[in-house]
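# Summary of structural features
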Amino acid sequence: MDNLIGVFDSGYGGLTILRQIRQLLPQYDYLYLGDNARAPYGSHSYDIIYRYTLQAVEELFRRGCRLVILACNTASAKALRTIQQNDLPALGEYRRVLGVIRPTVEAIGPLTKTRHVGLLATAGTVNSGSYAMELHKLSPDIELTSQACPMWVPLVENYEFDSPGADYFVRKRIEGILRLDPQIDTLILGCTHYPLLMNKIIKYTPPGVRIVPQGEYVAASLRDYLKRHPEMEEALSRRGTCHYLTTESAEKFNQSAALFMHENVKAEVVDLERK
C-alpha cells in the first residue's frame, strides 16, 4: 500500500496549503480531497463539521494516506482534537492527523512587535476560539482581536476575488479590525481561501502591518514534523505524484483548482456519505 500525505479541505482553499507543501517537499506523494459539495464548513455546527471531517479522514486513510493534514481552519478548529483523541486509536496507531492552526500560531510570536495581532477568518473559526486558545498557550502576552469575514470565501469560490466588487468587502473587514485595535501590527489570514484575495488585502492594509498567510508556515512545520518523526518520514512513498478527489463535479473542480495550483488538475469524484 502506498503511504501518501493526504491534504483535506472543505473546498478549494486547502490547495494554497498543498501548493506550498509541494514546493517545499516535492519528493512525496500527495492526495488532496475537497469536500466541495458540502462547502463551506464555516457556518455549520460542531457536530456536522466533525462528522464531515471524520468521513474525509477515513476516506484518505482508505486510499493509502499515512499522514493527513487538515488544510481547513474550520475543521482544524472544531474537529482535529476530537479525531486525534477519540478516533485515531481505532483508525490505526501508525497514522496521524495534523492541523493548520498550531503551525500558524507558532510563527506569530517572533513576527509581532506590538504584541497586538489580528485574525481574519470564517465565523466558524472565530467562534471556536481555537486561535486565541493556542496563542495564549504559546504567547500569553499577545492580545488577539478577531474579525469574521463571511463574504470572503464566496468571493473566491465564485471567481470574484479580483473583481471591483471584492474591494468593498475586503476594505470593510480590514478597516473594521483595525478600528477594534489600532495597535495591530500582524494580521493572520485564518482561512486558506484568503491568499487569493491577497492583491486586495495588501491594497487596504496599512504599511507596517504584516500579513501572514498560512501556506509557508504549515509547509515548514510539516518538514520539521517529519524530521522529528523519522519513522513516519521513512514510511512515506516518494514518486513526486499528486492526485485529487472532490465530492462535487470533477470538471468544475479541475477548472477552479487550476487557479490555485497554477497547473492542470484532473480530479476523481468520491462519495463520502456511502456506508
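Now for a look at the structure at hand. No experiment lies behind these values; they were computed from the predicted model shown. (Residues numbered from 1 in each chain as written. Predicted model: local features only at pLDDT ≥ 70, side-chain atom pairs only at ≥ 80, totals over all residues. Heavy atoms only, no water.)

### Topic: the overall build of the chain
Here is the rule we go by: In this text, helices come from DSSP runs of H or I with a minimum length of four residues, and strands from runs of E with a minimum of two, each type numbered from the N-terminal end. Atoms counted for the radius of gyration: C-alpha only. Globule rule: 2.2 Å times residue count to the power 0.38. Burial status follows relative accessibility: with a 1.4 Å probe on protein chains alone, a residue under 20% of its type maximum counts as buried, one over 50% as exposed, and anything between as partly exposed. Residue contacts are defined here by distance: any two heavy atoms, one from each residue, within 4.5 Å place the two residues in contact. In this description, accessible areas are obtained by the Shrake-Rupley approach with a 1.4 Å probe, and a residue is regarded as covered only by the protein chains that are shown.
Scanning the chain from terminus to terminus reveals 13 helices and ten strands. Relative to the compact-globule value of 19 Å for 275 residues, the chain shows a C-alpha radius of gyration of 18 Å, a close match. Taken over the C-alpha atoms alone, the chain extends approximately 55 × 40 × 35 Å along its principal axes. In the chain, which comprises 275 residues, the share counted as buried stands at 57%. When contacts within the chain are restricted to residue pairs at least 6 apart in sequence, long-range pairs at least 24 apart make up 79% of them. For the chain, the computed accessible surface area is about 12,100 Å², with 51% contributed by carbon and sulfur atoms.

### Brief notes about the sheet that holds strand 7 (residues 186-189)
In plain terms, the rule: In this scheme, strands are said to pair when DSSP sees at least two bridges between them. Axis geometry follows a simple rule: fit a line to the C-alpha atoms, using only the stretch in contact for helices, then measure angles between N-to-C directions, giving values from 0 to 180 degrees.
In spatial order, the strands read 6-5-7-8; together these four strands make up an open sheet with parallel pairing. In this open sheet, the two strands that pair with only one neighbour each are strand 6 (143-148) and strand 8 (210-212). Averaged over all pairs of adjacent strands, the angle between strand axes in this sheet comes to 20°, irrespective of strand direction.

### Describing the pairing of strand 1 (residues 4-9)
Along strand 1, six of the six residues are buried, which leaves the element largely enclosed by surrounding structure. Every second residue of strand 1 is oriented toward a common face, with Leu4, Gly6 and Phe8 on one face and Ile5, Val7 and Asp9 on the other, all of them buried. As judged from the five bridges shared by strand 1 and strand 3 (residues 65-70), these two strands associate in the parallel manner. Bridging across to strand 3, valine 7 finds its partner in isoleucine 69. The pairing of strand 1 with strand 2 (residues 30-34) spans five bridges and is classified as parallel.

### Points about the packing of helix 1 (residues 14-24) against helix 13 (residues 250-261)
Note the threshold: Note on terminology: angles under 35 degrees are roughly parallel, angles over 145 are roughly antiparallel, angles of 65 to 115 are roughly perpendicular, and the others are oblique. For any helix crossing, the convention is left-handed if the near helix is rotated counterclockwise from the far helix by under a right angle, and right-handed if that rotation is clockwise. Classification used: nonpolar for Ala, Val, Leu, Ile, Met, Phe, Trp, Tyr, Cys and Pro, charged for Asp, Glu, Lys and Arg, polar for all others including Gly.
Between helix 1 and helix 13, the shortest axis-to-axis distance is 9 Å and the interhelical angle comes to 50°. Considering their axes alone, helix 1 and helix 13 lie oblique with respect to each other. When you trace helix 1 past helix 13, the crossing you get is right-handed. Between helix 1, through Leu15, Thr16, Leu18, Arg19 and Arg22, and helix 13, the contact on the second element is made entirely by Phe253, Ala257, Phe260 and Met261. Grouping the amino acids of the contact of helix 1 with helix 13 by side-chain chemistry returns six nonpolar, one polar and two charged.

### Topic: the packing of aromatic side chains
Our working rule: Note on aromatic contacts: the rings of Phe and Tyr and the six-membered ring of Trp form a pair at centre separations within 6.5 Å, being stacked when their planes are under 30 degrees apart, edge-to-face when over 60 apart, and tilted otherwise.
Throughout the structure, instances matching the rule amount to ten aromatic pairs. A centroid spacing of 6.1 Å and a plane angle of 50° characterise the contact between phenylalanine 8 and tyrosine 41, whose relative ring orientation is tilted. Within this pair, whereas phenylalanine 8 is found in strand 1, its partner tyrosine 41 is found in the loop between strand 2 and helix 2 (46-62), the two being separated by 33 residues in sequence. Ring geometry for tyrosine 244 and phenylalanine 253: centres 6.2 Å apart, planes at 50°, overall tilted. Summarising the burial analysis for this pair, tyrosine 244 and phenylalanine 253 share the class buried. Site record: aromatic cluster; members linked through ring pairs are Tyr12, Tyr32, Tyr244, Phe253 and Phe260.

### So, helix 7 (residues 130-138)
Counting along an α-helix, one turn takes 3.6 residues, and residues three or four places apart therefore face a common direction. Rule in force here: This arc is taken over the directions from the axis of the helix to the C-beta atoms.
Of all the positions in helix 7, only Ser130, Tyr131, Glu134 and Leu135 are classed as buried. Seen along its axis, helix 7 keeps its buried residues to an arc of 120°; they face one direction.

### Here we look at the environment of phenylalanine 8
Residue phenylalanine 8 is classed as buried on the basis of its relative accessible area of 0%. Sequence separation of phenylalanine 8 and leucine 33 is 25 residues, and the distance between their C-alpha atoms is 4.9 Å. Residues in contact with phenylalanine 8, not counting those within four places in the same chain, are Leu33, Asp35, Tyr41, Thr53, Ala56, Leu60, Ile69, Leu70, Ala71, Cys72 and Ala75.

### A short note on the nonpolar core
This is how it is decided: Think of a nonpolar core as a cluster: buried Ala, Val, Leu, Ile, Met, Phe, Trp, Tyr and Cys residues, connected wherever their side-chain atoms sit within 4.5 Å.
Counting 54 residues, the largest nonpolar core has Leu15 and Tyr244 as its most contacted members. With 27 residues, the next largest nonpolar core counts Leu4, Leu33, Val57 and Ile83 among its residues.

### Things to note about helix 1
Along helix 1, the residues that are buried comprise Gly14, Leu15, Thr16, Ile17, Leu18 and Ile21. Tucked into the core, helix 1 has its buried residues touching strand 1, strand 2, helix 11 (215-228), strand 9 (242-246) and helix 13.

It is worth stressing that arrangement in space is one thing and function is another; only the former is reported here.
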